[in-house]
There are 4 protein chains.
Amino acid sequence: MPGEFSQENTGNGKVKHRDTKEKRDLITRLSRIEGQIRGLQAMVEQDRYCVDIVTQVSAVQAALNSFNKMLLSRHIKTCVVEDIRQGEEEAIDELCALLQKLMK
Amino acid sequence: MPGEFSQENTGNGKVKHRDTKEKRDLITRLSRIEGQIRGLQAMVEQDRYCVDIVTQVSAVQAALNSFNKMLLSRHIKTCVVEDIRQGEEEAIDELCALLQKLMK
Amino acid sequence: MPGEFSQENTGNGKVKHRDTKEKRDLITRLSRIEGQIRGLQAMVEQDRYCVDIVTQVSAVQAALNSFNKMLLSRHIKTCVVEDIRQGEEEAIDELCALLQKLMK
Amino acid sequence: MPGEFSQENTGNGKVKHRDTKEKRDLITRLSRIEGQIRGLQAMVEQDRYCVDIVTQVSAVQAALNSFNKMLLSRHIKTCVVEDIRQGEEEAIDELCALLQKLMK
């Protein structure tokens, strides 16, 4: 089915317990983005002008980028700091590898 | 309601008639992206690891970027070329303004 | 020699006559960027803090991006428009291919 | 003088002692980029075609990005890890603030 994630991308088995407020905040942002994607579908259905659609896609990309920045900051401030304190260097290599991908 | 577009962004009234195949292709891409967004919501619900979520967000951003590149190419090859041939310079200024935003 | 351009990248033989003012403006921007690169070398020599260097690199990238946006706008407003008026479609395909690369 | 850095950007007084090999590597990359900028000036002087210049600017941007990724990785693996081990949280906030800027 289109849109489903393949298991191999997400199968490292690690979990991250987020508190209720943080989780609700992340879900709310994603719901808003989902609404924006449906808005884009409606624009295509209605033969809307290309420039207007491209502009709205940019708005969605900005919202996803903002979501990612929030998630990454919290990841560093919690997971990474904890791992370093416990002498686990793995989190650092993982973070650097992730940033290489994000800054491509 | 979250996710709805404000009218002022989309109110220039221009339309763009796309053929059935092109329209179906655009809609299919957006449906797949919508599925990916719902997949992200499930990942947050399931306390999935931050790095896995950030990586999936990057995949969605790449899909949106690919959508935007396709739409922009078709816009240039149809709308912009036609307008220039009919002596309407407006499409050129509009395209340049759009690219300034996309390249920010 | 490092820094030199290989000939195959630049060998299509096309030229673009720019007026004196435009040329001077482009050269001035590049001289400023060259000065910024030398400033970065001095920062490394002086053992300056990583975060300060990364921040300055971002400033140089913004200056290059601004240079590129200016050049691309003028290209569209002159070369592309002219070619379309003369019935040469090639400029359009070339522009679309270029944008695919810039939006990667 | 164009291209010089204003002092306020770089005045936090922190230093970072890099070993000789790392320093030479960073300087070499910057020298190569400086050569590329001079190559761009020559292209403008010689009335080279816009598309060729824009393409070369993209190559320079990729080289700067690669420089920045290398510097950031080393920063995290040395400065940030050390600071966290010494109980200094400041490096984490600084890193997060930097990433917010880089991911804009």
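Residues numbered from 1 in each chain as written. Chains lettered and ligands numbered in written order. Predicted model: local features only at pLDDT ≥ 70, side-chain atom pairs only at ≥ 80, totals over all residues. Heavy atoms only, no water.

J.: Would you mind going over the interface of chain C and chain B with me for this structure?
T.: One widely used convention gives an interface's size as the accessible area the parts lose upon coming together. Opposite the 20 residues of chain C that make contact, chain B presents 20 residues. Summed over both sides, the interface of chain C with chain B buries roughly 1,900 Å², with 67% coming from carbon and sulfur. Per-residue buried area on chain C facing chain B is highest for Lys69(C), Ile84(C) and Met103(C); these three make up 30% of the total on that side. Between the two partners, chain C and chain B, sit 4 salt bridges. In this structure, Arg85(C) engages Glu89(B) in a salt bridge whose closest nitrogen and oxygen atoms are separated by 2.5 Å. (Contact = heavy atoms within 4.5 Å. Buried area = accessible area lost by both parts, 1.4 Å probe. Salt bridge = Lys/Arg side-chain N within 4 Å of Asp/Glu carboxyl O.)

J.: What's the story with the confidence of the model for chain A in this structure? I'm lost.
T.: Do not read the predicted coordinates in detail wherever pLDDT is low. Residue and element names in this part refer to chain A. Across chain A, the average pLDDT comes to 89, with 88% of residues at 70 or higher. Contacts from residues 1–10, a stretch scored under 50 in pLDDT, to residues over four places away or in other chains number 15 contacts. Two summary scores accompany this predicted model of the complex, namely pTM at 0.87 and ipTM at 0.87. (pLDDT = per-residue confidence, 0-100.)

J.: Before we go on, may I ask you to explain the relation of the copies chain C and chain B in this structure?
T.: For these two chain copies, the linking operation is a rotation about an axis paired with a shift along it. Rotating chain C by 180° and moving it 0.0 Å along the rotation axis overlays it on chain B with an RMSD of 0.0 Å. Taken together, these values place the two copies in the relation of a two-fold axis. The position closest to the rotation axis in chain C is occupied by the C-alpha of Arg85(C), lying 3.1 Å away. Taken together, the interface assignments show that 100% of the residues at the interface of chain C recur at the interface of chain B, consistent with an identical surface on both copies. (Least-squares fit on C-alpha atoms with pLDDT ≥ 70 in both.)

J.: Can you walk me through helix H1 (residues 20–45) of chain B in this structure?
T.: The periodicity of an α-helix, 3.6 residues per turn, causes residues three or four positions apart to be oriented the same way. Its 26 residues give H1(B) an end-to-end C-alpha distance of 37 Å, which sits within 8% of 38 Å, the value for a rise of 1.5 Å per residue. Two residues or fewer after H1(B) comes Asp47(B), characterised by a positive phi angle close to 55°. (Helix = DSSP H or I, 4+ residues; strand = E, 2+ residues; numbered from the N terminus. Expected span 1.5 Å × (residues − 1).)

J.: Explanation requested: the relation of the copies chain B and chain A in the structure shown.
T.: Mapping chain B onto chain A calls for a rotation angle of 180° and an axial translation of 0.0 Å; the resulting RMSD is 0.0 Å. Of the residues that chain B buries at the interface, 100% are likewise interface residues in chain A, meaning the two copies contact each other through the same surface.

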